[in-house]
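These are the residues of each chain, in order.
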Amino acid sequence: MLEIRNLHARVEGKEILKGVDLTVNAGEIHAIMGPNGSGKSTLAGVLAGRELYEVTDGEVIYKGRNLLDLSPEERACEGVFLAFQYPIEIPGVSNTYFLKAALNAVRKYRGLAELDAVDFLALVKEKMQLVEMKHELLNRPVNEGFSGGEKKRNEILQMAVLNPTLGILDETDSGLDIDALRIVANGVNKLRSTENATVVVTHYQRLLNYIIPDFVHVLVDGRIVKSGDKDLAFHLEEHGYDWARELHDPAEQEA
Amino acid sequence: MGMSTNKQDKALQTFRTNFEEFERGLNGAGNSAMHKRRRAAMERLSERGFPTMQDEEWRYTNLGGLLETQFERPTAELLPDTTNIDPVSFLGMEETVRLTFIDGVFCAELSDRALTSDALRVQDFASVLENDPDLILSLAGGIDDGDEHPFSLLNDAFTEQGAVIHVAKNATDLPPVHLLFLTSGGGQPLLISPRILIKAEANSELDIIEQYAGLGDGRSLTNIVVEIDVADNAHVHHVKLQEENEGAWHISAGYARIARSASYANHYFGFGSRLVRNHLHTRMDGVGAECILNGLFMPMDSQHMDHHTVIDHAQPHCNSHELYKGLLFDDSRGVFSGKIIVRPDAQKTDAKQANNNLLLSGNALVDTKPQLEIWADDVKCTHGATIGRLDEDALFYLRSRGLPKAKANSILSYAFASELVGRVRLGALRAHLDAAIHNRLERTGNA
């Protein structure tokens, strides 16, 4: 489904990704772990099409197409979904209006009939149960005044409504208490199918107690230095990232 | 001096010639008290002259095209056929007391005063002038700032049409008053000089909608003066819609006096005209008065929209809230100049002013100029002005959910503008405004 080859990207002239290779197949959950500043969020942003990031080398093939040629909205319509680390507040735009406009834009692109208000509301109510979200949040402006947990639930609600094939969760666990973490993870697990794939970007292992990955990759200084199964995450939890840094560049550690 | 002064002088000469012609047509009425006022205004205007961009109050607005245009006073034979005009269609509100004017001339057959009563009298200016000229003289000319705004003098000199609205003491739950000004804009450019006089007696409450719309695309100058007197504990909710065609110049001056515990709210929505200059001057003349000024302007193409407001806190314990927002497209230009005066007696004043502008084009330009003149010491005054572009993070967020770029622009622009729509209390009017905003976004390619 997704094949990343030798991906290099920079932000404001500074190279962040220095040759990432990653293959994700349908039905799989991949976790990308790494210390702060290793390039995790940059990778997520590049996949979603954020213009801030400039790709300087490499390619990303998604469902047989060059993903990097597509605009952010085309990527979304093709089934790429990024759950933001810091969801954006949009004053003056109600959550319902936003969700309905987004869903209908995606449906239109996919050649499906747009949903009317009644059908849309029925769908949203069903999906809201997944993330145990309060109904009143639908009528509030997008993310405005939402607690950290509510914002993250809202991300997963959007994901549930838009039904992507590739979900990318960028530090979805940050700022969540244990109950919210369980609810959010539960939502992600229920959305899992043999047709779609999920990439979980995280600093800590704890989210992976709830979302069990098939593969764990360690990103250090813009490169994946180690891949393994879920046990790799426990190893990182126990030993920290220092040993992984050594894998990347032992000389630097000694200096 | 030099060229620009010539332009100002020539325009003055043209208006003087027009005025002499106007006087000749008055016959016996030429000696009335009303006409003496007109003549005095014309004299003062001749001394003052039209402003140049060297005038501090006019430095952002070039009147060149206006001053070079030869305007004529509208006469009955210039009026268009009214049979195909449905006055309700301009606002979509049925239950109103409506006066319709075409090129500034009252049009009885398109007006509807069925809902008037002793509590709410809505009359056209010309008939009041004929039957009760003292009423007009008592209501007009309450605030004089001809030096800052010479077009008020021009209106004074030429005015013979308009509306006189009187709300009786304790009268509330009244139908909204709708003043509809249609400009035909065909043939010779027209000078349209209506006067609106509003008096809300003690404890009364009034909703008034002042709407300007175009029937054609010709040139005209609408030069209007509105005077509002809000008595003790009365409340006036005033909405102005500016939807004239792009051949029109629109210059207006509004003066409101707000008495003890009274409130005046002015909600302005600007979409139309090639050039707009609004001057709005409110004075809180009684303890505990409140003044709310909200404005939204959305110029496109090469439209120029200039807004000058003055909020005068003359008494203690008065509140004023002002929010003007500009959303500018294409090569358009916007101006906001907001002055707040807090006089020595006006202790415990609470004044808030904000002007926020979004530029949706690299060629659009806005000038914003807050001015505070504070002479009292125990006051709370805040002001802020911003000029920016649509938030990149928010745009990316919307696009990352599948919304095309133009749609994302439209959603964020609408959200910015709709805050002011939400402050209008008549639901039918909010629907009209929503449609107008969406229409503007579509026309500018943001949909």
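Residue numbering note: each chain is counted from 1, following its sequence as written. The lettering of chains begins at A and the numbering of ligands begins at 1, in the order of writing. Only residues with pLDDT of at least 70 are given local features in this predicted model, and only at 80 or more are side-chain atom pairs given and counted; all residues enter the totals for whole chains, interfaces and linings. To get the side-chain values, take all heavy atoms of the structure and skip hydrogens and water.

A. View of the overall build of chain A. The secondary structure listing takes helices from DSSP runs of H or I that are at least 4 residues long and strands from runs of E that are at least 2 residues long, numbered from the N terminus. On a plain count of helices and strands, chain A comes out with nine helices and twelve strands. Taking 255 residues into account, the globule formula puts the C-alpha radius of gyration at 18 Å, and chain A, at 18 Å, falls close to it. When each of the 255 residues of chain A is scored for burial, the buried share is 53%. We call two residues in contact when some of their heavy atoms are within 4.5 Å. Excluding contacts between residues fewer than 6 apart, the proportion of contacts in chain A whose partners are at least 24 apart in sequence is 69%. All accessible-area figures derive from a Shrake-Rupley calculation using a 1.4 Å probe, and residue coverage is judged against the displayed protein chains alone. About 11,200 Å² of surface is accessible on chain A, with carbon and sulfur atoms providing 47% of the total. Computation of the radius of gyration draws on C-alpha atoms alone. For the globule rule, the value is 2.2 Å times the number of residues to the power 0.38. Burial classes: relative accessible area under 20% of the type maximum marks a residue as buried, over 50% as exposed, and values in between as partly exposed (1.4 Å probe, protein chains only).

B. Just the interface of chain A and chain B, in detail. Of the residues lining the interface, 30 residues belong to chain A; the matching set on chain B comes to 18 residues. Once two parts are brought into contact, the accessible area they lose, counted with a 1.4 Å probe and summed over both, makes up the buried area. Summing both sides of the interface, chain A and chain B together bury roughly 1,900 Å²; the carbon and sulfur share of this comes to 66%. Any Lys or Arg side-chain nitrogen located within 4 Å of an Asp or Glu carboxyl oxygen qualifies as a salt bridge. Our count for the contact surface shared by chain A and chain B stands at four salt bridges. Across the pair Glu73(A) and Arg399(B) runs a salt bridge whose closest N-O atoms are separated by 2.7 Å. We define a polar contact as two N or O atoms separated by no more than 3.5 Å, with the added condition that, inside protein, one atom must be a possible hydrogen donor and the other a possible acceptor, whereas residues neighbouring each other in sequence contribute only through side-chain atom pairs. Run the count over chain A and chain B and you get eleven residue pairs in polar contact (both at pLDDT 80 or more).

C. How the structure looks around the sheet that holds strand S5 (residues 177-183) of chain B. Residue and element names in this part refer to chain B. Ordered in space as S2-S1-S5-S8-S10-S12-S14-S16-S18-S20, the ten strands form an open sheet in which the pairing is mixed. Every interior strand has two partners, whereas the edge strands, strand S2 (105-106) and strand S20 (380-388), have only one. Where strand S8 (residues 205-214) meets strand S10 (residues 235-243), nine bridges bridge the pair, whose relative direction is parallel. Pairing of Ile209 across the sheet is with Val239, part of S10. Orientation is described by axes fitted as lines to C-alpha atoms, over the contacting stretch for helices, and by angles from 0 to 180 degrees between their N-to-C directions. Each of strand S12 (263-270), strand S14 (290-297), strand S16 (319-328) and strand S18 (350-359) touches helix H8 (residues 405-421); the most contacted strand, S16, lies at about 150° to it. Contacts from helix H9 (residues 427-443) reach S8, S10, S12 and S14 within the one sheet, and its direction differs from that of S10 by about 30°. Two strands qualify as a pair provided that DSSP identifies no fewer than 2 bridges between them.

D. Geometry of the packing of helix H5 (residues 148-162) of chain A against helix H6 (residues 178-191) of chain A. Residues and elements named next belong to chain A. With their axes 10 Å apart at the nearest point, H5 and H6 run at an angle of 10° to one another. By the criterion of interaxial angle, the relationship of H5 to H6 is roughly parallel. Where H5 abuts H6, its residues Lys152, Arg153, Ile156, Met159 and Ala160 lie against Ile183, Val184, Gly187, Val188 and Leu191. Only Asp, Glu, Lys and Arg are considered charged, only Ala, Val, Leu, Ile, Met, Phe, Trp, Tyr, Cys and Pro nonpolar, and every remaining residue, Gly among them, polar. Its residues assigned to classes, the contact of H5 with H6 comprises seven nonpolar, one polar and two charged. Any angle from 65 to 115 degrees is called roughly perpendicular, while one under 35 is roughly parallel, one over 145 is roughly antiparallel, and all others are oblique.

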